[in-house]
Amino acid sequence: MSPQHLAEPLHVYLNDHLTGAFGGAALADRMARTHPQSRRADDLRRLARDIEQDRDALVRIMTGLGVPVRRYRTWLGLAGERLGRLKSNGTVVRRSPLSDLIELETLRTGVEGKAALWRALRAISDTDERLDRVELDRLAERAAEQARTLNGWHHAVSAAVLAPPPAPANTAPSL
């Protein structure tokens, strides 16, 4: 097999993750803008900024590996984020509390995928000197921290959104 043929899975893999990174960064930014007055507003802005930095790190890594960035794929990631806004959330014209939970789960899934990306690159860094093991370890740890943060938020948002409504106070119990 030619060296070019052997590189193709890495090219596809990294561009797939870059597609997700563009969508994830756009989603995180929109979530931060949607909740500017929430008690998590500063954390959301920081998370969005970190995700953008992670996306930029992936582009730098791809450049260092000689993997061409497929620009049309970046547009697919952004388009996917926008299409995700059309999800069924129980309302037509306004945001539903369910939107927060679905968006949070989408972002959480993306962060977990990103952590897997950094681990996968770390696995080949022993044989590819173009990869910086220290940077990959730092990126993996940041993804793990992002996942822990999102998991905590997930618990709180799930409880708030999915809890059954309180029973009316003055009604007799049904048999």
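Structure first, text after, so check above.
A brief look at the structure comes next. These numbers come from a predicted model, not from an experiment.

1. Section: the nonpolar core
One recurring pattern in soluble globular proteins: nonpolar side chains tend to sit buried together.
Thinking step 1. Judged by nonpolar contacts, the single largest core of 18 residues is most densely connected at Leu14, Leu58, Ile61, Met62, Trp118 and Leu121.
Thinking step 2. Contributing elements (two or more residues each) for this core: α1 (3-34), α2 (41-65), α4 (97-124) and α5 (133-162).
Thinking step 3. When residues of this core are assigned to their parent elements, the largest contribution, five residues, is made by α2.
Thinking step 4. With near-sequence residues (within four places) excluded, isoleucine 61 lies in contact with Trp118, Leu121, Leu131, Glu135, Leu136 and Leu139.

2. With respect to the pattern of salt bridges
Thinking step 1. Throughout the structure, instances matching the rule amount to 16 salt bridges.
Thinking step 2. Put simply, arginine 142 and aspartate 50 hold a salt bridge, and the shortest N to O gap is 3.7 Å. Of the two residues, arginine 142 sits in helix α5 while aspartate 50 sits in helix α2, which places them 92 residues apart along the sequence.
Thinking step 3. Residue aspartate 50 is classed as buried on the basis of its relative accessible area, which comes to 17%.
Thinking step 4. As a salt-bridge pair, glutamate 135 and arginine 60 come within 3.9 Å of each other at their nearest N and O atoms. In this pair, glutamate 135 sits in helix α5 while arginine 60 sits in helix α2, placing the two residues 75 residues apart along the sequence.

3. Some points on the packing of aromatic side chains
Thinking step 1. Under the defined criterion, the tally for this structure stands at zero aromatic pairs.
Thinking step 2. The ring of phenylalanine 22 is capped by arginine 55, whose NZ or CZ atom sits 4.8 Å from the centre of that ring.

4. Some thoughts on α4
Thinking step 1. Its 28 residues place the ends of α4 42 Å apart at the C-alpha level, agreeing with the 40 Å of an ideal helix rising 1.5 Å per residue.
Thinking step 2. All of the buried residues along α4 are Ser99, Leu101, Glu103, Leu104, Leu107, Val111, Lys114, Ala115, Leu117, Trp118 and Leu121.

5. A closer look at the environment of valine 59
Thinking step 1. In this structure, valine 59 sits in helix α2.
Thinking step 2. Between the C-alpha atoms of valine 59 and alanine 21, which are 38 residues apart in sequence, the distance is 9.9 Å.
Thinking step 3. Setting aside residues up to four positions removed in sequence, valine 59 forms contacts with Leu18 and Val69.

6. Observations concerning the environment of alanine 48
Thinking step 1. Within the secondary structure, alanine 48 is located in helix α2.
Thinking step 2. The spatial distance from the C-alpha of alanine 48 to the C-alpha of glycine 24 is 8.7 Å, given a sequence separation of 24 residues.
Thinking step 3. When near neighbours in sequence (up to four residues on either side) are disregarded, alanine 48 contacts Ala28 and Asp29.

7. Things to note about the packing of α2 against α4
Thinking step 1. At a closest axis distance of 12 Å, the pairing of α2 and α4 adopts a crossing angle of 35°. Note that α2 runs across α4; the crossing there is left-handed. Contacts between α2 and α4 involve Leu47, Ile51, Asp54, Leu58 and Ile61 from the first element and Leu107, Val111, Lys114, Leu117, Trp118 and Leu121 from the second.
Thinking step 2. In the contact of α2 with α4, the residues fall into nine nonpolar, no polar and two charged.

8. Things to note about the packing of α4 against α5
Thinking step 1. The interhelical angle for the contact between α4 and α5, taken along N-to-C directions, is 160°, at an axis separation of 8 Å. Overall, the two elements α4 and α5 adopt an arrangement that is roughly antiparallel. As for how α4 packs across α5, the hand of that crossing is left-handed.
Thinking step 2. When grouped by side-chain class, the residues that make up the contact of α4 with α5 number 19 nonpolar, four polar and eight charged.

Cut-offs used in this document
- Residues numbered from 1 in each chain as written.
- Predicted model: local features only at pLDDT ≥ 70, side-chain atom pairs only at ≥ 80, totals over all residues.
- Heavy atoms only, no water.
- Core = buried A, V, L, I, M, F, W, Y, C linked by side-chain atoms within 4.5 Å.
- Buried < 20%, exposed > 50% of the residue type's maximum accessible area, 1.4 Å probe, protein only.
- Helix = DSSP H or I, 4+ residues; strand = E, 2+ residues; numbered from the N terminus.
- Contact = heavy atoms within 4.5 Å.
- Salt bridge = Lys/Arg side-chain N within 4 Å of Asp/Glu carboxyl O.
- Phe/Tyr/Trp six-rings, centres within 6.5 Å; stacked < 30°, edge-to-face > 60°.
- Lys NZ or Arg CZ within 6 Å of the ring centre and 35° of its normal.
- Expected span 1.5 Å × (residues − 1).
- Axes fitted to C-alpha atoms, helices over the stretch in contact; angles between N-to-C directions.
- Left-handed = near helix turned anticlockwise from the far one by under 90°.
- Nonpolar A, V, L, I, M, F, W, Y, C, P; charged D, E, K, R; others polar.
- Parallel < 35°, antiparallel > 145°, perpendicular 65-115°, else oblique.

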